[in-house]
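Residue strings, one per chain:
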There are 2 protein chains.
Amino acid sequence: MDTALSEPASPVAAAGSTVVVCRALAASQHVTLGPLKLDCGVTLDAHRVAFRTYGTLNADKSNAVLICHALTMDQFVADPHPVTGKPGWGDTLVGPGRPIDPAKHFVICANVLGGCMGSTGPLDIRPGTSEPYNLSFPVVTIGDMVRAQAALLDHLGVESLFCVTGGSMGGMLVLQWAATYPERVFSAIPVATAARHSAQNIAFHEVGRQAIMADPEWHAGSYIKHGTRPARGLAVARMAAHITYLSEAALQRKFGRQLQGKDALGFGFDADFQVESYLHHQGKSFVERFDANAYLYITRAMDYFDLAAQHGGSLATAFRGSPTRFCLMSFTSDWLFPTAESREIVRALNSVAANVSFVEVESDKGHDAFLLDEPEMLRTLAGFLRGAGNARGLKP
Amino acid sequence: MDTALSEPASPVAAAGSTVVVCRALAASQHVTLGPLKLDCGVTLDAHRVAFRTYGTLNADKSNAVLICHALTMDQFVADPHPVTGKPGWGDTLVGPGRPIDPAKHFVICANVLGGCMGSTGPLDIRPGTSEPYNLSFPVVTIGDMVRAQAALLDHLGVESLFCVTGGSMGGMLVLQWAATYPERVFSAIPVATAARHSAQNIAFHEVGRQAIMADPEWHAGSYIKHGTRPARGLAVARMAAHITYLSEAALQRKFGRQLQGKDALGFGFDADFQVESYLHHQGKSFVERFDANAYLYITRAMDYFDLAAQHGGSLATAFRGSPTRFCLMSFTSDWLFPTAESREIVRALNSVAANVSFVEVESDKGHDAFLLDEPEMLRTLAGFLRGAGNARGLKP
């Protein structure tokens, strides 16, 4: 399966997804595991998991923290991204003196199944062929991603997690972890998430997928063979999604109607407003680090997520008898995963007398707040982890 | 300029924008007026206005009602659309026994300048050439659209409007009418609108424009010459926009996570969910009736709208001394033009002691509520128009 790992000769593809996965793997630990039976019915004989760890597993193996990344994030939670060179996406969360501290915790962050940062996904060479899977890769679910992570934990000798946490799609994985492996999850912190993807969110994802698939350079998913990239389609998908990550108030405060590098309207279709330039930049930089097919697969996994549906329509049933301590967080200005979605989870947990706390953090930064230096979020995380650490008998 | 009006021979283009404008003109009144000096500095020597009227101008010319349409609407407010055959977009608003009644009012609705339903826009043949303007059409503003409408009223012998009303972009035109021609506007009803386009709304428009311009069949705007249409790009633009017209609650109520014509997930990228099929339908039907370049121009006009900026940064100044009676309406679940935007206008009007009433209508239908059979909106409109009609001395 690792035949995909040599950097490609084609200069087009070299600027593309294949080189991204090569660099991601070079900067990661990775292991090939399997077999993995997927929700769609297909079994992957083998699957690679690319991951990063920070800190050391303690003697009684009680200090492991699994961090689950969001849609376009990756395993580089606390070190620089191998393509962009930017700091880890969670460097306010993980690090010395941070709520999750490698001096105390054994931190694990793995690229999700279906991703493009080294874990098995549509970029992998399809077994028995010399071509990438592309769209012949099976559609994976949040449940599949979690089972792949569980196999990684088995490999690492981690029977029980002190904590599993993540925001947005990461929060979906947290909920799935708690539902599927309650005995392996001592504490769980799902942030800015939902127990099922809403109609509006499915709709936004579908717009992004249609933008990608409308790009003739997508070639029905076979763009690597054609030496092309659906860069414009993927950029449009990212731009649309990016608006949903911010709040109207944040956009107004950051950009308002400020013009871009000139003092009068241009009466044309170039970027007149700063918010347009900002979006263009978001689209352009995204396509340099992400793969279009992986975007299709991961958005689809989110769309399919519905924890209640997995349990006969009852979300409470998903958590009945759970020994896990939960701490949920949402943000006042998050309209993608609004507080109401978190409250629904809290209500389900309360109805089965689970151990749950919930904080709605005041922020005008929209959904993206979960990735930012939000003091109230970080204080809440630190306090909850301190309490859970005491209960777990971790050294303070 | 009317050389563009014969139906084209090319079967591709015949399914396209040119045939739409031909059918629109065949079903409309139209007049060529001019010259028209535009805000960008260009003067159009002549411009065509395509419009519909309903009812009769009374003897003292006091019963004219101008209806301003929204971004993708047109002059067919109260009769069937010439391409889709669907009822007029405003048939709950205009008709016998409706708040605006051709038995009492002389109703005028004109396609905006820059549009694709018969008024001069990027589809028109550029004077002195045999090619459409395409992107050489000047970028027009809401102010330009209003001046074109004022020229139409001059042509129709309407000095003073009893009322000007419209929702969304139509509401922007209403505000511009009241600010530019206060003596010509007895009453004004801006619905679900704003005095300036917000950063978030500019961002959504830019995503739509980028989707169109990313489509290789757009050909830098010259798709008619190439016998193509940027149908996929325009459909993506429409799908993204359509989500913003609805509320999360309405999407959840209408579609939730209901599957499309089957009882299990498809584990693929076809439409699994009803909300996806609905969006696909919205995109597909839109490209049959609308022109991609016109979409670029009209969205740009909305982006450029900033009534305060036209008046030294003070919205109140735009309305100082206004004799107009205003009635504003917004909808509780409209997140595209939220109530806060209407309140800002109301505050500006109050600060100059204008005659203003304001109603926030309870609705879960999002921005689209202004186009729907919303009893409270229609009752408010009817009541306000009755009172204004008494003050104007109209027969009840």
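Here the residue numbers are simple positions, counted from 1 along each chain's written sequence. The order in which chains are written sets their letters, starting at A; the order in which ligands are written sets their numbers, starting at 1. Residue-level local features of this predicted model are given only where pLDDT is at least 70; pairs of side-chain atoms are given and counted only at 80 or more, and the full residue set underlies all totals for whole chains, interfaces and linings. Only heavy atoms go into the side-chain values, all of them from the structure, while hydrogens and water stay out.

An unreviewed UniProt entry annotates chain A as Homoserine O-acetyltransferase originating from Vineibacter terrae. Its UniProt record gives chain A a comment under Catalytic activity (unreviewed entry), which states: "L-homoserine + acetyl-CoA = O-acetyl-L-homoserine + CoA". UniProt positions are given in the numbering used here, feature names are shortened, and annotations may be inferred rather than shown by experiment. Note on chain A: under the UniProt heading Subcellular location (unreviewed entry), the record states "Cytoplasm".

Visitor: I'd like a rundown of the relation of the copies chain B and chain A, residues and numbers included.
Guide: Mapping chain B onto chain A calls for a screw motion: a turn of 180° about the axis and a shift of 0.0 Å along it, with 0.0 Å RMSD after fitting. Both copies of the chain, as the preceding transformation shows, are related through a two-fold rotation axis. Most of the interface of chain B is mirrored in chain A, where 100% of its interface residues are also at the interface. When the copies are superposed, the least-squares fit takes in the C-alpha atoms of residues with a pLDDT of at least 70 in both. Residue contacts are counted whenever heavy atoms from the two residues lie within 4.5 Å of one another.

Visitor: How would you summarise the domain arrangement of chain A if you had to cite specific residues and measurements?
Guide: Residue and element names in this part refer to chain A. What fixes the domain bounds is an automatic or database domain assignment. You can read the domains of chain A as domain 1 (2-196 + 306-392) and domain 2 (202-298). Once you take the C-alpha centre of each, domain 1 and domain 2 turn out to be 25 Å apart. Listed as interface residues are 37 residues of domain 1 and, on the opposing side, 33 residues of domain 2. Carbon and sulfur atoms make up 63% of the surface buried where domain 1 meets domain 2, a total of about 2,900 Å² over both sides. For this document, the term salt bridge refers to a Lys or Arg side-chain nitrogen within 4 Å of an Asp or Glu carboxyl oxygen. The interface formed by domain 1 and domain 2 holds one salt bridge in total. In protein, a polar contact means a hydrogen-donor-capable atom and an acceptor-capable atom, both N or O and within 3.5 Å, with residues adjacent in sequence counting only if both atoms are side-chain atoms; elsewhere, any N or O pair within 3.5 Å suffices. Between domain 1 and domain 2 we count ten residue pairs in polar contact (both at pLDDT 80 or more) in total. Helix and strand labels come from DSSP, where a helix needs a run of H or I of at least four residues and a strand needs a run of E of at least two; each type is numbered from the N terminus. No other element matches the three residues that helix 2 (residues 17-26) contributes to the side of domain 1 that touches domain 2. In this description, buried area is defined as the sum, over both parts, of the accessible area (probe of 1.4 Å) that is lost when the two are combined.

Visitor: How would you explain the UniProt feature "binding site: substrate" (unreviewed entry) in chain A if you had to name every residue and give the values?
Guide: All names here are of chain A. The UniProt feature table records "binding site: substrate" (unreviewed entry) at Arg238 and Asp368. The greatest C-alpha distance among the residues just named is 13.9 Å, despite their covering 131 residues of sequence, which places them together in space. With respect to the secondary-structure elements, arginine 238 resides in helix 6 (residues 231-245). Setting aside residues up to four positions removed in sequence, arginine 238 forms contacts with Thr72, Tyr245, Gln282, Gly283, Phe286 and Arg289. The topology assignment puts aspartate 368 in the loop between strand 10 (355-361) and helix 12 (375-392). Only protein chains enter the accessibility calculation, which uses a 1.4 Å probe; a residue is then buried when its area is under 20% of its type maximum, exposed when over 50%, and partly exposed in between. With relative accessibility at 16%, the residue aspartate 368 sits in the buried group.

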